[in-house]
Amino acid sequence: DERKLLENIRAVGDAFNDSPKYYEHKTKALRRLPKLLKEKVCLIVLDDVWSVEQVAPLRNALGERCRLLFTTREGSAVSDVGAIELSVDVLSESDAKALLADWFAATGKPLPTEAIEVAKLCGNLPFTLALCGAVARDGQPWRDILDALLDADHQFIERRFPDYPFPDALRAMRASVDMLGRENATAVDRYHELAVFLLHPVSEEAVVTFWCRENVCSARNARKLLTILARKSLLSLQGEAPKRLVVLHDLQRDYLRLITDDYEVQSLNSLVLKNYRKRCPRGWASGPDDGYFFQMLPPHLIIAGKRKELHRLLLNPVWILTVLKTTSAGWLIASYDLPPGDIDERIIRQALAMSQWVLD
C-alpha cells in the first residue's frame, strides 16, 4: 500500500542521512528519490514483494550505479518492471534429504524410508522441511510425522484457500502444530492467538502482555512458550530477551488466517483492547510503550467497531503528543486514514503531514 511504499522510500533517505523534510508525503518523496540516488553506489533490497506498485517507484529512481534486488512469489511483478528473473526452485531430492539429515543430526547416515516420504509430501520446500525436521530433532518418530502429514485436512485447506500456491506448506504447518498439541496444548493455544497481531514483527513485550491477561500464564512461562514455538520453527525470535522481536513468516501468517475464523479474530481483538485498557489508568494516552500499543491501537479500534472512540482519540491532543513522542509522525498520520474520517480529522491529518519533517 501507499504507506508501506512511503516507509520504504524514507528508509532509503534515512540510510543516506537525507533530511526528513523531503519525505512528508509520497509525491514529494518520489521527486526527491532520483536526485538522492543519482550519484550513489548502492544495492537496495526489497523482500516479499506482491505487486509492481511496490517496485516500480524505486526502480525508476535508480542512479546508474544503483541496483535493486527484490524477492517475490508473484511472477508478474518481475515481468512488469523488466527485471532479470532468478528462480529459486524447490530442492532436489538429494538436497531435500540432506536438509532433513542436518535437522535430524544424522548427516552421512541413510534416512529411513518414512523420512524420504515426508520430503516428498513437503514438496521438497525448505520451509516445510524445516518444520518437519524440527519435530524430528525433538524426538518425534518419522512414522508419526508422515502420518500427521497424511492426516492433514486437505479439503479444509482448499476450501479456505482455493488455488493457494503452497498447499504443502500449509499441510506441513498443520501437521507440525497438531503434533505439538499432543505434548503441549497450551503452546498451540497461545500460538493460534498470534493471529490477532496486526504488526509484524511484533515486540516480545506485546505478546507476553497479551498472553499474561487474567492469569492465563506468567511472563516467565510466556517467554518459555515463545522459545518452544521458535524451536519448532513455527516462528522466529530476533534479539535478546526480554526485548526480542517475534517474527512470523508470511506462510505462518497464512496458516493462522486459515485456522482462525472472523468470529475468533473479533473475540481476540476485543481481548487485546480489554487487556490494554487495564494498563491505561488515565485513558489510552497513558498506555505502555511496548513497541506495539501506540502503533496499532487505532486499527484494533476499527476492527472492534469502535469508530466513534477512535474519532475522540484522534482529536485528543494528549494522544497526538504521546504518539509523536513514542513512535513517529508517519505512524500518527496513518491512523487518520483508517478509514478516512470527518473534516476535523482531515484537517489535523493535513497539518501533521505538512509539518512531518519538523515533528520527526
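What counts and what doesn't
- Residues numbered from 1 in each chain as written.
- Predicted model: local features only at pLDDT ≥ 70, side-chain atom pairs only at ≥ 80, totals over all residues.
- Heavy atoms only, no water.
- Axes fitted to C-alpha atoms, helices over the stretch in contact; angles between N-to-C directions.
- Helix = DSSP H or I, 4+ residues; strand = E, 2+ residues; numbered from the N terminus.
- Parallel < 35°, antiparallel > 145°, perpendicular 65-115°, else oblique.
- Left-handed = near helix turned anticlockwise from the far one by under 90°.
- Contact = heavy atoms within 4.5 Å.
- Nonpolar A, V, L, I, M, F, W, Y, C, P; charged D, E, K, R; others polar.
- Buried < 20%, exposed > 50% of the residue type's maximum accessible area, 1.4 Å probe, protein only.
- Salt bridge = Lys/Arg side-chain N within 4 Å of Asp/Glu carboxyl O.
- Core = buried A, V, L, I, M, F, W, Y, C linked by side-chain atoms within 4.5 Å.

Student: Please explain the packing of helix H15 (residues 262-277) against helix H16 (residues 293-303) as it appears in this structure.
Tutor: Each packed pair of helices is defined by two parameters, the angle between the axes and the distance between the axes. Two numbers describe how H15 lies on H16: the axes approach to 10 Å, and their chain directions differ by 130°. When the interaxial angle is binned, H15 and H16 end up oblique. Both H15 and H16 take part in a crossing whose hand is left-handed. In this structure, H15 uses Gln266, Asn269, Val272, Leu273 and Tyr276 to contact H16, whose residues at the interface are Phe293, Leu297, His300, Leu301 and Ile303. Along the lines of polarity and charge, the residues of the contact of H15 with H16 split into seven nonpolar, three polar and no charged.

Student: Help me out: how do you make sense of the environment of Ile302 in this one?
Tutor: Assignment of secondary structure puts Ile302 in helix H16. According to the relative accessible area criterion, Ile302 is partly exposed, its value standing at 29%. Along the chain, Ile302 and Leu338 lie 36 residues apart, while their C-alpha atoms are 7.1 Å from each other. If we skip the residues at most four places from it in the chain, Ile302 touches Arg307, Leu310, Leu338 and Pro339.

Student: Whenever I open this one, the pattern of salt bridges confuses me. Can you help?
Tutor: Note that side chains of opposite charge can pair when their charged atoms are close. Enumeration over the complete set of coordinates arrives at 20 salt bridges. A salt bridge links Arg277 to Glu309, with the shortest nitrogen-to-oxygen separation between them at 3.2 Å. You can see Arg277 sitting in helix H15 and its partner Glu309 sitting in helix H17 (residues 307-314), a full 32 residues away along the chain. Owing to a relative accessible area of 40%, Arg277 belongs among the partly exposed residues under this scheme.

Student: Help me understand the nonpolar core in this model?
Tutor: The tendency in soluble globular proteins is for nonpolar side chains to be buried as a group. Tyr191, Trp211, Trp284 and Trp319 are the most contacted members of the largest nonpolar core, which has 82 residues in total. When residues of this core are assigned to their parent elements, the largest contribution, eight residues, is made by helix H10 (residues 167-183). Other than its neighbours up to four places away in sequence, Tyr191 contacts Met173, Val177, Trp211, Leu229, Leu234, Leu235, Leu248, Gln252, Tyr255 and Leu256. Core analysis: the next-biggest nonpolar cluster, separate from the first, contains 23 residues, Val52, Val55, Phe70 and Val78 among them.

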